[in-house]
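Structural characterization, general
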Amino acid sequence: MKNKLPLTIKETQDGLIKKEFSAVELVDSYLGQIKRYNEEYNIFLTICEDEAYKKAKELDKSGAYATPLAGVVTSYKDIFLTKGVRTTAGSKVLESYIPPYSATSVSRIENAGAIPIGKLNCDAWAHGSSGENSDFGSTKNPWNKEYVPGGSSSGSGAALAANMSLITTGTDTCGSIRLPANYCFSVAIKPTYGAVSRYGVIAMASSLDTVGPIGRTVEDVETVFNVIKGEDGFDGTVTNEERKVKSEKLKIGIPKEFFTGGIDPEVEKTITLAIEVLKNEGVEFKEVTLPSTKYAIDVYYVIQPAEVSSNLGRFDGIRYGNGRDAFGDEAKRRIMLGTYVLSAGYYDAYYLKAMKVRSKIISEVDKVFDEVDALIAPVAPTPPFKLGDKVSDPLTMYLTDVYAATANLCGIPSLALPSGFSKLGLPLGFQLMGPRFSENNLFELGKTCHRAMSYEPKVAF
Ligand code: GLN
């Protein structure tokens with residue numbers, strides 16, 4: 001069994017239907033990886049061995065292998081509420097919090113037949129780009145344990161690279177799904193704002209937060225996205241809108257602002273190669289300009305702390321968890337920054353101004369989609385960096401998000417794709433952004449790209 005992994009969703013279900021293996025054997029296999037490597041890599045915060053075996057046995061007994069996620073071993077970023085299972089948001093504030101209900105995405109995944117196996121480490125409150133802000137210790141990158149796996153959904157990327165789960169979930173407020181996907185050689189969709197309900201997901205910055213899956217193939221990510229998307233009656237921003245997939249020739253924009261300055265040559269090279277591959281497939285490319293996106297990161301670091309300071313106000317130690325002294329340095333930093341930019345004397349100079357620039361970025365991006373169907377860009381300016389390299393300098397850490405912010409500020413979807421490895425053997429990739437609700441287009445492009453690159457899913461061990 002062990003040698004058969006990594007399996008895709010389709011391979012898993014074919015294997016179950018043909019009785020090549022049972023759901024219980026699948027759990028044995030993923031759990032085996034968790035038991036062998038979790039201590040060293042700090043990927044899972046809670047392991048749900050009993051629940052996983054219970055669900056697997058039920059599945060084997062009923063033989064109900066035809067549901068969309070039947071037998072799919074799944075784990076969740078520990079910011080998704082899971083009924084009866086501890087949910088910490090990576091923070092000591094919630095170290096013993098047991099939620100009374102599950103997030104919509106969690107219930108939908110489980111109703112579709114998935115087997116939940118545990119809760120994944122993340123930066124506390126999803127504040128971070130490397131996983132090093134978790135109050136429960138840093139996650140290590142399975143491709144090289146001296147390097148970060150990307151954050152804030154650090155465990156969600158690492159669990160895939162370590163073959164501890166078939167799919168995982170994450171949240172993306174400014175790259176937190178796409179970055180760990182890129183740094184761990186996985187695929188991820190940061191959906192349109194309003195495509196997937198955030199009910200039962202601990203809020204970070206409510207005008208930017210999105211929920212999405214990470215997996216090893218575009219097809220797997222698409223399958224999970226189709227299970228979790230759509231109205232649930234609990235998140236008023238969600239609609240069932242969808243854009244039709246274009247069948248004629250697709251055109252992709254290369255926004256020149258994303259390829260200037262601090263981009264690492266290896267990251268740039270992998271994107272140039274992807275462009276070549278897609279050109280051979282008949283995709284057209286065009287250089288475009290989005291001048292205001294150079295302010296995206298600055299705007300994000302005003303709006304986001306403002307919303308964080310308001311959302312974290314509920315964790316006062318009265319209703320949930322430990323008191324305010326349990327907040328770590330990064331959460332405190334953001335609460336202070338956010339309170340400052342919202343305060344009476346500074347609101348106009350910071351918050352209001354940032355909101356105006358955000359509108360400008362949105363109108364430029366909207367306009368560019370009259371000319372092109374998608375945009376290609378790096379996810380991060382560099383390959384994975386070393387653990388400890390940026391922890392003492394929050395500003396340098398924040399710059400990791402420079403290419404991620406535009407999609408969140410505009411509420412547009414972005415597909416992160418793995419494309420190769422650096423000279424040091426660390427994963428590289430890129431993102432494809434599209435207009436609101438164009439996920440289907442992005443999935444088709446992603447599949448074309450991976451087909452043309454002869455992409456194979458890979459795990460580190
Ligand atoms: N890295 C970004 C931050 O630190 C974004 C985090 C996220 O997407 N949750 O704010």
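One structure accompanies this document, and this report is about it. Along each chain, the written sequence defines residue order, and numbers are assigned to residues from 1. Per-residue local features of the predicted model are confined to residues with pLDDT of at least 70, and side-chain atom pairs are confined, for both listing and counting, to 80 or more; whole-chain, interface and lining totals are unaffected and use all residues. To get the side-chain values, all heavy atoms of the structure are used, and hydrogens and water are removed first.

So, about the overall build of the chain. What counts as a helix is a DSSP run of H or I of at least four residues, what counts as a strand is a run of E of at least two, and both are numbered from the N terminus. The helix and strand inventory of the chain stands at 14 helices and 11 strands. What the globule rule says is 2.2 Å times the number of residues to the power 0.38, and the radius of gyration is computed from C-alpha atoms. Compactness check: the chain gives a C-alpha radius of gyration of 21 Å against a globular reference of 23 Å for 461 residues, within 12% of the reference. Taken along its principal axes, the extent of the C-alpha atoms in the chain is 60 × 60 × 45 Å. Each residue gets one of three labels from its accessible area relative to the maximum for its type: buried under 20%, exposed over 50%, partly exposed in between, using a 1.4 Å probe on protein chains only. Counting all 461 residues of the chain, 61% fall into the buried class. Any pair of residues with heavy atoms lying within 4.5 Å of one another is described as a contacting pair. Counted over contacts in the chain with a minimum sequence separation of 6, partners at least 24 positions apart contribute 78%. Here the chain has roughly 17500 Å² of accessible surface; of this, 52% comes from carbon and sulfur atoms. For the chain, the distance from the average position of its 52 positive side-chain charges to the average position of its 56 negative side-chain charges is 1 Å. Method for areas: the Shrake-Rupley scheme with a 1.4 Å probe, in which residue coverage is limited to the protein chains shown. His is not counted, nor are the chain ends; Lys and Arg add positive charge and Asp and Glu add negative charge. Note on charges: their place is set at NZ of Lys, CZ of Arg, CG of Asp or CD of Glu.

Ring pairs are drawn from Phe, Tyr and Trp, using the six-membered ring of Trp, whenever the two centres fall within 6.5 Å, and their geometry is named by plane angle: stacked under 30 degrees, edge-to-face over 60, tilted for the rest. Considering all chains together, one arrives at 22 aromatic pairs under this definition. With a centroid separation of 6.2 Å and an interplanar angle of 85°, the aromatic rings of Y183 and F385 are classed as edge-to-face. A residue pair is termed long-range when its members are at least 10 positions apart, and Y183 in helix α6 (residues 178-183) and F385 in the loop between β9 (374-377) and α12 (394-398) qualify at 202 residues. Each member of the pair, Y183 as well as F385, carries the same accessibility label: buried. Members of the aromatic cluster, joined through ring pairs, are Y97, W125, F315, Y320 and F327. Two limits define a charge over a ring: the Lys NZ or Arg CZ must be within 6 Å of the ring centre, and within 35 degrees of the ring normal. Positioned above the aromatic ring of F136 is the side chain of R86, whose terminal nitrogen or guanidinium carbon lies 5.6 Å from the ring centre. Residue placement shows K390 over the ring face of F385; its charged tip is 4.1 Å from the ring centre.

Locating T12 in the fold gives a position in helix α1 (residues 9-17). There is a polar contact of 2.7 Å between the side chain of T12 and the backbone oxygen of T8. Each residue touching T12, except ones within four places of it in the same chain, is listed here: L7, F21, L26, G71 and L166. As used in this structure description, the phrase polar contact means that two N or O atoms lie within 3.5 Å; if the pair is within protein, one of them must be able to donate a hydrogen and the other to accept it, and residues adjacent in sequence are counted only when both atoms belong to side chains.

This next bit is on the side chain of Q13. Tracing the chain through its elements places Q13 in helix α1. Those residues in contact with Q13 that sit more than four places away from it in its chain are Y65, T67, P68, L69, A70 and V72.

To continue, consider the site of the ligand. Near the ligand there are 16 residues, and of these T173, C174, S176, Y300 and R334 occur at the shortest range. Within the side chain of S129, one N or O atom sits 2.9 Å away from a nitrogen atom of the ligand. Surface burial for the ligand is 100%, taken as the share of its 290 Å² of free accessible area covered by protein chains. By residue number, the principal contributor to the shell around the ligand is helix α9 (residues 296-311), which donates three residues. Under the scheme applied here, ten amino acids are nonpolar (Ala, Val, Leu, Ile, Met, Phe, Trp, Tyr, Cys and Pro), four are charged (Asp, Glu, Lys and Arg), and all others, including Gly, are polar. The residue makeup of the shell around the ligand, split by class, is five nonpolar, eight polar and three charged. Whether a residue is near a molecule or strand is decided by its heavy atoms; if any one of them lies within 4 Å of it, the residue is near.

Here the focus is the sheet that holds strand β1 (residues 44-47). Paired strands, in this sense, are two strands between which DSSP finds at least two bridges. Read across the open sheet, the 11 strands follow the order β1-β3-β2-β4-β6-β5-β10-β11-β9-β7-β8; overall the sheet is mixed. The sheet terminates laterally at β1 and β8 (284-288), the two strands that pair on one side only. Strand-to-strand twist of the sheet, defined as the mean angle between neighbouring strand axes without regard to direction, takes the value 30°. Pairing analysis gives five bridges linking strand β4 (residues 167-172) to strand β6 (residues 210-215), with the strands arranged antiparallel. Looking at the pairing, T168 lines up with I214 of β6. Packed on one face of the sheet, helix α5 (residues 154-161) meets β1, β2 (73-77), β3 (115-120), β4 and β6 and runs near 155° to β4. The axes used here are C-alpha line fits, helices contributing only the stretch in contact, and every angle between their N-to-C directions lies in the interval 0 to 180 degrees.

Right, let's talk about the environment of K119 for a bit. On the secondary structure map, K119 appears in strand β3. Looking at K119, the relative accessible area reads 1%, which means it is buried. C-alpha separation for the pair K119 and N163, spaced 44 residues apart in sequence, amounts to 15 Å. When neighbours within four sequence positions are excluded, K119 is seen to be in contact with I43, F44, L45, T46, Y76, K77, D78, F80, T82, V85, R86 and T87.

Before going further, it helps to examine the packing of helix α7 (residues 218-228) against helix α14 (residues 439-452). Helix-helix packing is characterised by the crossing angle of the two axes and by the distance between the axes. In contact at an axis separation of 9 Å, α7 and α14 are set at 165° when each is read in the N-to-C sense. Between α7 and α14, the angle falls in the class roughly antiparallel. Viewed along their axes, α7 and α14 form a crossing whose handedness is left-handed. Listed contacts from α14 to V218, E219, V221, E222 and F225 of α7 are E439, F443, E444, G446, K447 and H450. Looking at the contact of α7 with α14, its residues break down into four nonpolar, two polar and five charged. Each angle gets one of four labels, with under 35 degrees taken as roughly parallel, over 145 as roughly antiparallel, 65 to 115 as roughly perpendicular, and the rest as oblique. Handedness of a crossing follows from how the near helix is turned relative to the far one, being left-handed for an anticlockwise turn of less than a right angle and right-handed for a clockwise one.

Honestly, that's just the spatial picture; any functional story needs more than this.
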